[in-house]
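The chain contents come next:
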Amino acid sequence: MNILKPQKGGNHALPVQIWLVTLLVVMFVDLAALSPFTSKHNLSTAYILLGIALNTLFLTISAYIIYNNRASIGHDTLYKMKAAVKQPVFVLLVIYIIVKLFYLDTMQRWDGAWYFCRLLESVKGFDFTLGNFINNFNWFGHPSMGFGFLMSLGQFIDPGNHYILNIQYLILAVLAVFSFYKILAYLYGNNKTEILLLTALFAFNPLFFGVSLSFNSDFPLVVFWLAFMYALLYERFILASFCCMLLVFSKETGALIYFTFLFSLLLIFVARKVFFNAQRPLCIPRKINVTSVACLVLPLLTFIIFFLYRQGQLWGGGSLGWDSNGFHVFGLNWASFKTTCLQIFVLDFSWIMCFIILLYLGKTILFTRKKPPSLNENQKDLLMIHLFIFTVFLTFNLLYITFNHPRYVLLAVVFLLLFAYHALTGLAKSKALRIVILSLMLVLFTAQTFRTVDPLSKLAFGTTFFGEHEVLAINPADGMVYNAEYTVIDKLLDKFIQETKINTNSQIILSDNGWNAHFNGAGRHTTISINKENLKRTFKTANTFQPQTFSVADISSENKPQKPIYLSLSWFGDEAAELAHLQKYYRVLKANIIEHKGYFFKAYYLE
């Protein structure tokens, strides 16, 4: 079978696509209404009737699908399951899921805790009105109500349950990995081993893996962009439109990507018709009909309506001016420009992919007689579209002055993998050699996912010690979310709480904002408490407490807690200076090291 041909069953699967979308909407409506945590004072008759109508539609579609497939549904389902299990990508996904299960207890912190607490506020404050949904599910000025709608499903059941949140995030990560594989299969269906290795490179890319453990509005951009492209390539237009709606309503960058995609399609279409008089159809959608066009345009129209409703207020209030010395604005700021370049082209062995691309470009320019890799028309179109989107994405990130969080450039991982593989096929004609190179890259990527080993990243960003280990010195909070190492903080904090038997009378001193940044998630925007019974940190409030906390800078002769514990976090603060300040008022009784696999911080008991 030629995998580049339109796949049969795209439009035949229309009822199933509608069923899937309706299922998610019905789950939101029903879980919100049944949840004991939502306010019911505005639960109107109109909302109840809407819920009844949606449930009726869902049951009707379900009955229609079952009735029309009643003769073969059991046999077909079993056959498809067996066929899926036999695919190599299934093994990869199982391995990926098993690895991610070890992170199922990860607590949110920094911006992740900030966003999670906003999700909890949205869930508990939902009053069943459209205005409430639009205003409360768009967080920190971002148009995030699509992502918020999806992530609220688990929290309607049990608000503050971080295990449910992590399971939902795991499902999204698996969707992204599988979608990436299907896109590669569409483009390079004959290179099965290579596309499997490429998929593994994406799954265990350090930045993707690390960000997939932190609740934020950048991770869904990758998930829904890949899911959108997968659905579009395989002519699942309803699902493509739905995924695109989730994309544009995750963050402004999602809308930028989508608009750039539409513009690139228009450019290709116009160039063929006007300049080359070509009659060949677009690569996507292959079928230009009412369904495909409507599904592509619907997210655009919806976002325009939302934009008008918000009176153009995006990015936390429309901060879209030009000021090279400003913040949350566009401008030519060398420090921001340099950091973004390093994060895209160097961080986490990205420099290897860039090196392959540069070698290919050099070979193409210097040895023009040698033919580049043969590409069919679909591959040319799709690579050109991704190159155009990457150029816009790169330009935006280089010129928009904001925080230096690596997750902002997460989508670049997808583009660089695609371009690097295309370049590799031009550099290495031997399939065996390409497999060896991709395998070596996978070893390096996987190692960097769990431990900072990339020498060029260390040189570019500098390092700081996290116990016995070096981590990149990007910033001591969300800058640490470039791989999975930062999750060790949970192990250390849990161990400290258990060993110390913290209670409501415990007095803890940390660096300025240390408690907020590490124990309490993200300062005043979040609250992480400690369960009275099992001494586990939790986002729930029932049967919990918080110890008394102080900043080192606040300690003086007038403000001096009795018998406190000073925590020295090696990656956060200056232990020598802080300890010197505290020794003016206390003597050190003992110093314990809270350690986990070579990562540690020190606990000084003072009197």
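Quick notes on the rules
Residues numbered from 1 in each chain as written. Predicted model: local features only at pLDDT ≥ 70, side-chain atom pairs only at ≥ 80, totals over all residues. Heavy atoms only, no water. Helix = DSSP H or I, 4+ residues; strand = E, 2+ residues; numbered from the N terminus. Buried < 20%, exposed > 50% of the residue type's maximum accessible area, 1.4 Å probe, protein only. Contact = heavy atoms within 4.5 Å. Areas by Shrake-Rupley, 256 points an atom, 1.4 Å probe, with all protein chains shown as cover. Pairing = 2+ DSSP bridges. Axes fitted to C-alpha atoms, helices over the stretch in contact; angles between N-to-C directions.

Visitor: Looking at this structure, how should I read the overall build of the chain?
Guide: In terms of regular secondary structure, the chain is built from 24 helices and twelve strands. Counting all 607 residues of the chain, 54% fall into the buried class. Within the chain, residue pairs in contact and separated by at least 24 positions form 76% of the contacts whose partners lie at least 6 positions apart. Per element, the accessible surface of the chain, about 27000 Å² overall, is 66% carbon and sulfur.

Visitor: How should unusual backbone geometry be read in this particular structure?
Guide: Excluding glycine, residues mostly have negative phi values, and the peptide bonds linking residues are mostly trans. Even without a glycine there, the phi angle at Phe128 is positive, about 70°. Position of Phe128 among the secondary structure elements: in the loop between α5 (111-125) and α6 (130-136). The exposure class assigned to Phe128 is buried, which follows from its relative accessible area of 6%. Positive phi is not limited to glycine here, since Phe349 has a value of about 65°. Structurally, Phe349 can be placed in the loop between α16 (334-345) and α17 (350-366).

Visitor: Looking at this structure, how should I read the sheet that holds strand β7 (residues 537-538)?
Guide: Strand pairing in a sheet relies on backbone hydrogen bonds. The paired strands run either parallel or antiparallel. Reading across the sheet, the three strands line up as β7-β6-β8 and stay open at both edges, with antiparallel pairing between neighbours. At either margin of the open sheet sits one strand with a lone partner, and together these are β7 and β8 (544-545). The pairing of strand β6 (residues 529-531) with β7 spans two bridges and is classified as antiparallel. Among the inter-strand pairings, Ile530 is bridged to a residue of β7, identified as Arg537.

Visitor: Just to check I follow, could you spell out the environment of Ser39 for this structure?
Guide: With respect to the secondary-structure elements, Ser39 resides in the loop between α1 (14-34) and α2 (45-68). Once the C-alpha coordinates of Ser39 and Gly125 are considered, the two residues, 86 residues apart in sequence, prove to be 6.5 Å apart. Setting aside residues no more than four positions away along its own chain, Ser39 makes contact with Lys124, Phe126, Asp127 and Phe128.

Visitor: Teacher, can you tell me more about the environment of Leu459 here?
Guide: Tracing the sequence through the fold places Leu459 in helix α21 (residues 455-461). Classification of Leu459 as exposed rests on a relative accessible area of 69%. Along the chain, Leu459 and Leu472 lie 13 residues apart, while their C-alpha atoms are 9.2 Å from each other.

Visitor: Before we go on, may I ask you to explain the sheet that holds strand β12 (residues 599-606) in this structure?
Guide: Across the sheet, which stays open at both edges, the five strands sit in the order β9-β5-β10-β12-β11 with mixed pairing between neighbours. This sheet does not close on itself; its edge strands, each paired only once, are β9 (548-551) and β11 (588-596). If you compare each strand with its neighbour and ignore which way they point, the axes differ by 25° on average. The pairing of β11 with β12 spans eight bridges and is classified as antiparallel. Looking at the pairing, Lys590 lines up with Tyr605 of β12. Helix α22 (residues 488-500) rests against β5 (507-510), β10 (565-568), β11 and β12 of the sheet, and its axis sits at about 135° to β11. Contacts between helix α24 (residues 575-582) and the sheet are confined to β5, β10 and β12, with β10 contributing the most and set at about 165° to the helix.

Such coordinate-based values are descriptive only and should not be taken to indicate function.
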